[in-house]
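Structure assessment
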Amino acid sequence: MFDRDALIAACRAEGRVVRVVVASVQGSAPREVGAAMLVWGTGQSGTIGGGALEYEVARASRRLAQDALSRHALGPAFGQCCGGAVEILSEVYDLSRAEAVPLDVIARGPGTMPLSVKRALKTGQVNSARMLEGWMIEPVKPQDRDIWIWGAGHVGRALVDLMQHLPGHAVTWVDTASNRFPEKIPTGVTDIASADPTRLMPHAPREADHLILTYAHDLDLALCHAALTHGFGTCGLIGSATKWARFRKRLAALGHSEADIARITCPIGNPSLGKHPHLIALGVTHELAHTRFGSAERSEIRA
């Protein structure tokens, strides 16, 4: 997929960035159509398969003044044993061009857009990168799904430990003091210490997923109240059936409808796995991954 967010971030950091993507493959090749890397003056990220092809294409891309489509016979040109041939599309981006990339599908090529490309865009059936009549068409990677984890206790740490490896998610981790977090925070996780975490709820996107598992029932309740007031994609609360029965009554007394309260799931995880923090985290992470990658529809975090 076309990683729009990564391209924008690279352009912000480096200015001029060349996106190199495998546009077509004939025979055996190191990577598939759609494999891409970003190249700038002093570095690169991603890979189109390594070896001589990647080295030469990266070197050439640093000299590009405009987009280019090139063909490479891997055996004769680079002595690579796979022996096939690839077409490589190299596109020069700055920040304004990167930010102009559509959020769903990107299609580009010479001249007037062919009917086959128009048809693919209209039907919405663009699930993989491919060349159509000289035009490159790619689905754009969805923006990262925001997950807010409230609490840095045993279960919170187990969740972050697993979710740092889950692609397509941006984790924000909140607790009441900085010393409640581990010394090392995983890359890509934003940790925030606040004496009153409820004041942070308005800063969460309204479609974010929330997992509430602090050390205090009163704080858990306040966060549930704040989430219901602010809005959310999904919300899970750690606890027992007894805790949830009490919370439902107190949330109703705070003015929330039964239908809204029912959108919060308690307990979280898969009870059949047990109550060990990492087993709770495993159940929750599995459900989040399933709703992200296993289904086109978002669902509530199930117990």
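This structure is a prediction, so every number in the text was calculated from the model and none was measured.

1. Quick notes on a nonpolar patch on the surface
A cluster of nonpolar side chains, namely Leu 273, Leu 279 and Leu 282, defines an oily patch on the protein surface of about 220 Å² accessible area. One can find Leu 279 in helix α10 (residues 277–294). The exposure class assigned to Leu 279 is partly exposed, which follows from its relative accessible area of 31%.

2. As for the sheet that holds strand β9 (residues 145–150)
Reading across from one edge, β11-β10-β9-β12-β13-β14 is the order of the six strands in this open sheet, with parallel pairing throughout. Only two strands of the sheet have a single partner each, and these edge strands are β11 (189–193) and β14 (264–265). Bridge analysis of strand β10 (residues 169–175) against β11 gives five bridges, and the strand direction is parallel. For Trp 173, the partnering residue across the bridge sits in β11 and is Asp 191. Against the sheet, helix α6 (residues 154–163) contacts β9, β10, β11 and β12 (209–212), and its axis sits at roughly 155° relative to β9.

3. Brief notes about the packing of aromatic side chains
The full count for this structure, using the stated rule, is three aromatic pairs. An angle of 80° between the planes, with centres 5.2 Å apart, marks the rings of Trp 173 and Phe 181 as edge-to-face. For Trp 173, a relative accessible area of 1% translates into the label buried. Above the plane of the ring of Phe 2 lies Arg 19, whose end atom (NZ or CZ) is 3.9 Å from the centre. Directly above the aromatic system of Tyr 93 lies the positively charged group of Arg 97, at a separation of 4.4 Å from the ring centroid.

Parameters and conventions
Residues numbered from 1 in each chain as written. Predicted model: local features only at pLDDT ≥ 70, side-chain atom pairs only at ≥ 80, totals over all residues. Heavy atoms only, no water. Patch = residues over 30% accessible without salt bridge, like charges linked within 9 Å, V, L, I, M, F, W, Y side chains within 5 Å. Areas by Shrake-Rupley, 256 points an atom, 1.4 Å probe, with all protein chains shown as cover. Salt bridge = Lys/Arg side-chain N within 4 Å of Asp/Glu carboxyl O. Helix = DSSP H or I, 4+ residues; strand = E, 2+ residues; numbered from the N terminus. Buried < 20%, exposed > 50% of the residue type's maximum accessible area, 1.4 Å probe, protein only. Pairing = 2+ DSSP bridges. Contact = heavy atoms within 4.5 Å. Axes fitted to C-alpha atoms, helices over the stretch in contact; angles between N-to-C directions. Phe/Tyr/Trp six-rings, centres within 6.5 Å; stacked < 30°, edge-to-face > 60°. Lys NZ or Arg CZ within 6 Å of the ring centre and 35° of its normal.

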